[in-house]
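Tertiary structure, described
What follows is each chain in one-letter form.
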Amino acid sequence: MTESRENWGSKIGLILAMAGNAVGLGNFWRFPYVAASNGGGAFMIPYFFALIVIGLPVMLVEWSIGRYGGKHGHGTLGPMMYLQAKQAMKPKKAIIVGSLCGMIAFGVTILVNSYYNHIIGWSLGFAFNSLTGGYKGDPGGFFASYIQDPKNLVFWVIALLCLAFAVMKGIQKGIESWAKVMMPVLYVFGIILGIRSLTLGAPVNPDWSSLAGLNYIWNPDFSQLSWQSAIAAAGQIFFTLSLGMGIIQNYASYLQPDEDIVTASVATISLNEFAEVILGGTAVIPIAYAFLGPEGIKGSIGLAFMALPNVFSTMTGGGIFGAMWFLLLFFAGVTSAIAMYNYLVALLEEDAGIERKKGAWIVFVGYLIVGLPIALESILTQSANLVYFTEVDNWIGNYLLIVLGLIEIIVIGWCVKDRALEEMNRGGLWKVPKWFFRLFHQFLTPITIITFLVFFTRDYWIAGNFKVVPSYVAEIPEFAIWVNLGRIVVFAVLLIGFIQSYKSIKTKYKDEIEKNEVNEKEVNK
């Protein structure tokens, strides 16, 4: 079954769109506080280990799965993984593999964007307030009041409209065109902020210079190395490279059948790491360190939306640099969220026959619905605890990404084997050597992911994330209702995703599945 599909218009457009998919809020919002909270330079050791052992091999696998799936007319992960799995197992088992993978991708693209889109909206709102001086005085208090004020949801809706308009115009005129504008601007803003950060000196404390902040992130203190930092590094690699989400495969499905995916994978990772490590690490951490010191940078979401606004409000030209920072976050968020948005539109196109423009509006309404709990929690509780957000992110934005990556690497490395390597190298200027495939895809990568997953699960258990009232809400038990609402929504979306993927595969490959079942019955007689 081969279908004609829209393709990327140019090589640079493809690379920028794929880089935009990877370069997101994880690079500038998540990376600085994860790195700072896990030992700074000590975090970078397991980070680069995870990049080489997990990031590159899984990236190659996902590009390969996507291009192969696109050749057969698929843009979503369920049918793609069925095609891979059935090369090594009976269709009945392959359906289960495909359905599980499709379920996780469905959950990720709906639920990660349910809160990710809010952060994009916050970024746009804070950019506006940077220019108008809205958060001068008490940025921390301003953030709390901002997310509790229903009027500010207008920025969330504007962010969603941007995504809808980009996706409804298709791959070349929509996603690719937006990437060609937003990605260069993003890099320029990042470079300007990086230069500004290194010229700050020590405005608050002689020991808190921006260069000391740079030293903090690049000079490892080996006493800070721990399993927690290693686990955080592995999770960050999945999040920052958009692995385990199904969206790389979706973008790769619009490739030509002989497009060079090895070179493209390396280029995507390189652009992402430049944005994350060089720009994110050089711009954010030194600025925060210079004003807040080594303890002040160990925040979470507060580093971007509470601590840094406090910094910008006291800097010369802080309004301009603050707006630049939040617009950088906005552009980074949009270029990643577009990919998740497009995944769901592709699903409606392929499984329900809904044309792209109509599908984009259906997804728009869907995101309004799934995003409401994020908005309503702060408004109804009049607090900034974001418990529902935290619980959904714990399971969908952290844990299940790694599970999906593990399934993919096992199917490709241990089931499809050499045929997968041949597909990976098709049309490539660079080739993945057989020794690399054997060492990484079949040995180091799956073992490393399994190890991280075991310790990740252990840490979740110790942290009480499996309890009805998890440890992080133990002191505010009245918020447990939001925790369990998050769990119910996650379970419901995953169940719907499994059913949708299962039906999609059964419908698309009905004849061969039925034929195989008949053959099995005859053999068993």
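In this report, the structure presented in the accompanying data block is examined. (Residues numbered from 1 in each chain as written. Predicted model: local features only at pLDDT ≥ 70, side-chain atom pairs only at ≥ 80, totals over all residues. Heavy atoms only, no water.)

1. Some details on the overall build of the chain
- When helices and strands are tallied, the chain shows 20 helices and zero strands.
- Taking 2.2 N^0.38 as the reference for a compact globule, 525 residues should give roughly 24 Å; the C-alpha atoms of the chain span a radius of gyration of 23 Å, in line with that estimate.
- The buried share of the chain, taken over its 525 residues, is 61%.
- Looking at the chain as shown, the accessible area adds up to about 19500 Å², and 66% of this sits on carbon and sulfur atoms.
- Mean positive and mean negative side-chain charge positions of the chain (35 and 34 charges, respectively) differ by 6 Å. (Helix = DSSP H or I, 4+ residues; strand = E, 2+ residues; numbered from the N terminus. Rg over C-alpha atoms; globule rule 2.2 N^0.38 Å. Buried < 20%, exposed > 50% of the residue type's maximum accessible area, 1.4 Å probe, protein only. Areas by Shrake-Rupley, 256 points an atom, 1.4 Å probe, with all protein chains shown as cover. Lys, Arg positive; Asp, Glu negative; His and termini not counted. Charge placed at Lys NZ, Arg CZ, Asp CG, Glu CD.)

2. Some details on unusual backbone geometry
- Positive phi is not limited to glycine here, since Ser242 has a value of about 60°.
- Here Ser242 lies in the loop between helix H10 (227-240) and helix H11 (247-252).
- Accessibility expressed as a relative area gives 4% for Ser242, which makes it buried.

3. Topic: helix H9 (residues 210-218)
- Every buried residue of H9 is accounted for by Ser210, Gly213, Tyr216 and Ile217. Projected onto a plane normal to the axis of H9, the buried residues spread over an arc of 105° and lie on a single side. (Arc of directions from axis to C-beta.)

4. Observations regarding the side chain of Glu273
- Mapped onto the secondary structure, Glu273 falls in helix H12 (residues 261-296).
- For the buried Glu273, which has no salt bridge, the nearest side chain bearing the opposite charge is Arg30, at an N-O separation of 12 Å.
- Ignoring any residue separated from it by four or fewer positions in sequence, one finds Glu273 in contact with Tyr47, Leu51, Thr240, Leu241 and Ile278. (Salt bridge = Lys/Arg side-chain N within 4 Å of Asp/Glu carboxyl O. Contact = heavy atoms within 4.5 Å.)

5. So, the nonpolar core
- Residues Phe28, Trp63, Phe305, Trp325 and Tyr341 are the most contacted members of the largest nonpolar core, which totals 188 residues.
- Looking at this core, the element that brings in the most residues is helix H14 (residues 318-352), giving 21 residues. (Core = buried A, V, L, I, M, F, W, Y, C linked by side-chain atoms within 4.5 Å.)

6. Thoughts on the pattern of salt bridges
- Applying the stated criterion across every chain, the model contains ten salt bridges.
- For Glu423, the salt bridge identified is with Arg67, shortest N-O distance 3.2 Å. Of the two residues, Glu423 is situated in helix H17 (residues 418-425) and Arg67 in helix H3 (residues 41-71); the sequence distance between them amounts to 356 residues. No difference in accessibility class separates Glu423 from Arg67, as the two residues are buried.
- The salt bridge involving Lys508 is made with Asp351; its shortest N-O contact spans 2.4 Å. Here Lys508, found in helix H19 (residues 480-508), pairs with Asp351, found in helix H14; they are 157 residues apart in sequence, far enough to count as distant.
- With relative accessibility at 22%, the residue Lys508 sits in the partly exposed group.
- Overlapping salt bridges bring together Arg67, Glu423 and Arg426 as one network.

7. Examining the environment of Ile104
- Take Ile104: it is sitting in helix H5 (residues 91-132).
- Expressed as a C-alpha distance, the spacing of Ile104 and Gly497, which sit 393 residues apart in the sequence, is 7.2 Å.
- The contact partners of Ile104, leaving out residues within four places of it in the chain, are Gly244, Leu400, Val403, Leu404 and Leu494.

8. What to know about the environment of Ile369
- Residue position: Ile369 is located in helix H15 (residues 356-381).
- Overall, Ile369 belongs to the exposed group, its relative accessible area being 54%.
- Along the chain, Ile369 and Leu439 lie 70 residues apart, while their C-alpha atoms are 45 Å from each other.

9. Considering the environment of Gln236
- Its location among the elements puts Gln236 in helix H10.
- Taking the C-alpha atoms as reference points, Gln236 and Phe31, 205 residues apart in sequence, are found 7.1 Å from one another.
- With residues up to four places along the chain from it excluded, the contact list for Gln236 reads Gly26, Arg30, Phe31, Val34, Phe43, Tyr47 and Glu276.

10. Structural notes on the state of the cysteines
- Scanning the entire structure with this criterion turns up zero disulfides.
- Free of any disulfide, Cys415 has its nearest cysteine sulfur in Cys101, 11 Å distant.
- The class for Cys415 is partly exposed, based on a relative accessible area of 22%. (Disulfide = S-S within 2.5 Å.)

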